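# Structural characterization, general
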Amino acid sequence: MENIKQDAGEKIPLSEDEIKRLIDFCINSATYSIHVPFLTIAIGTCLRCGEITGLTWSDIDMKNRTISVNHQLIYKNFGDGCKFHVSEPKTDAGKRTIPMTETVHRAFVELRKQNLILGRRSDTEVDGYSNFVFVSGNGQPFAINAVNSFLLNMEKAYNKAHPEEPIPHLSAHILRHTGCTLLASAGMDIKALQNVMGHSDASITMNVYCTTIAALREPKRKCRELTM
């Protein structure tokens, strides 16, 4: 299935309380507990979806607790059928090394244990890249539409179980915005945040942060579309 552009509607990030409630729900869910490491890492790193699905274990330095971002994974038809491909980051700023928090480090450790228990391993090679971090049961890396699909199902399941405290729309893009907001709210320097986000200009980073903060303060307001 070819990637389709999603998430063109509201841009409402999750609050810290919503993140906690969602992760607690997933931990106790037979269906969604497997996705807890993905949620934690996606929010904690602010990576674009293609960047996170394209991560290989050689990009992860567990000793120095850093993540090297130098490529992204896409699933597209270039005339020879829909296939996985590796491409360069969107801009030169997209090539970066970002720090790994303790929470993200624990999530990678948990993911390795999880993959070992489930017998999940990646034997797939895409344009010279292999040993992908996030793989499905058949060892294939995730396409962006597959990620947004399980996030949408997670959102629906959570809101059905908790109609009195629903969470906003979930997508990989919104997890990225959520992570940006949390880091900025915690006082991260704008230049450091720009590096984490992989933005070519600090004004883009500030725009994302200000827009997501506005969405948190006015949850029913539609945020304008951002080019990221």
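Residues numbered from 1 in each chain as written. Predicted model: local features only at pLDDT ≥ 70, side-chain atom pairs only at ≥ 80, totals over all residues. Heavy atoms only, no water.

To continue, consider the confidence of the model for the protein chain. Per-chain confidence: the protein chain averages 86 in pLDDT, with 86% of residues scoring 70 or above. Below pLDDT 50 for its whole length, residues 1-8 participates in 21 contacts with residues either more than four positions away or in separate chains. This model gives residues 219-228 a pLDDT under 50, and the stretch forms 27 contacts once residues within four places in sequence are excluded. (pLDDT = per-residue confidence, 0-100. Contact = heavy atoms within 4.5 Å.)

This part takes up the side chain of Thr53. Among the structural elements, Thr53 can be located in helix α3 (residues 49-53). Judged by relative accessible area, which is 1%, Thr53 ranks as buried. Residues contacting Thr53, with those up to four places away along its chain left out, are Leu73, Phe132, Pro141, Phe142 and Val147. (Helix = DSSP H or I, 4+ residues; strand = E, 2+ residues; numbered from the N terminus. Buried < 20%, exposed > 50% of the residue type's maximum accessible area, 1.4 Å probe, protein only.)

Read across the open sheet, the three strands follow the order β1-β2-β5; overall the sheet is antiparallel. Here the strands that pair on one side only, and so sit at the sheet edges, are β1 (60-61) and β5 (96-99). (Pairing = 2+ DSSP bridges.)

Now for the nonpolar core. Counting 48 residues, the largest nonpolar core has Leu22, Ile60, Ile67, Phe108, Leu151 and Met154 as the members making the most contacts within it. For this core, the elements supplying multiple residues, two or more each, are α1 (16-27), α2 (36-45), α3, β2 (66-69), α4 (102-118), α5 (144-161), α6 (172-185) and α7 (190-197). Leaving out residues up to four positions away in the same chain, Ile60 has contacts with Leu55, Thr66, Ile67, Met100, Phe108 and Val133. Grouped together as the second largest cluster of nonpolar side chains are eight residues, Leu73, Tyr75, Phe132 and Val135 included. (Core = buried A, V, L, I, M, F, W, Y, C linked by side-chain atoms within 4.5 Å.)

Turning our eyes to something else, we now look at the packing of aromatic side chains. Taken as a whole and assessed by the stated rule, the structure comprises seven aromatic pairs. Ring centres of Phe25 and Tyr158 lie 5.4 Å apart, and the angle between their planes is 85°; on these two criteria the pair is classed as edge-to-face. Remark: Tyr158 occurs in helix α5 and Phe25 occurs in helix α1; sequence separation between them is 133 residues. Residue Tyr158 is classed as buried on the basis of its relative accessible area of 1%. Each ring, one from Trp57 and one from Phe108, has its centre 5.9 Å from the other, and the planes form 70°; the classification is edge-to-face. A residue pair is termed long-range when its members are at least 10 positions apart, and Trp57 in the loop between α3 and β1 and Phe108 in helix α4 qualify at 51 residues. The residues Trp57 and Phe108 share a single accessibility class, namely buried. Here the aromatic cluster, defined as three or more aromatic residues joined through ring pairs, consists of Phe38, Phe134, Phe142 and Phe150. Across the ring face of Trp57, the terminal group of Arg112 is positioned such that the distance to the ring centre comes to 4.2 Å. (Phe/Tyr/Trp six-rings, centres within 6.5 Å; stacked < 30°, edge-to-face > 60°. Lys NZ or Arg CZ within 6 Å of the ring centre and 35° of its normal.)

This next bit is on the environment of Asn148. With respect to the helices, strands and loops of the structure, Asn148 is situated in helix α5. For Asn148, a relative accessible area of 9% puts it in the buried group. Sequence spacing of Asn148 and Leu170 is 22 residues, and the spatial spacing of their C-alpha atoms is 7.7 Å.

This brings us to unusual backbone geometry. In the Ramachandran plot, Arg65 falls in the positive-phi region, its phi being about 55° despite a non-glycine side chain. Relative to the assigned elements, Arg65 resides in the loop between β1 and β2.

With that settled, consider the packing of α2 against α6. Relative placement of two packed helices is described by the angle separating their axes and the distance separating the axes. The geometry of α2 relative to α6 is characterised by a closest axis approach of 7 Å and an angle of 55° between their N-to-C directions. Considering the angle they form, α2 stands oblique to α6. Across the interface between the two elements, Phe38, Leu39, Ala42 and Ile43 of α2 pack against Leu175, Thr178, Gly179 and Leu182 of α6. Residues belonging to the contact of α2 with α6 are distributed by class as follows: six nonpolar, two polar and no charged. (Axes fitted to C-alpha atoms, helices over the stretch in contact; angles between N-to-C directions. Parallel < 35°, antiparallel > 145°, perpendicular 65-115°, else oblique. Nonpolar A, V, L, I, M, F, W, Y, C, P; charged D, E, K, R; others polar.)

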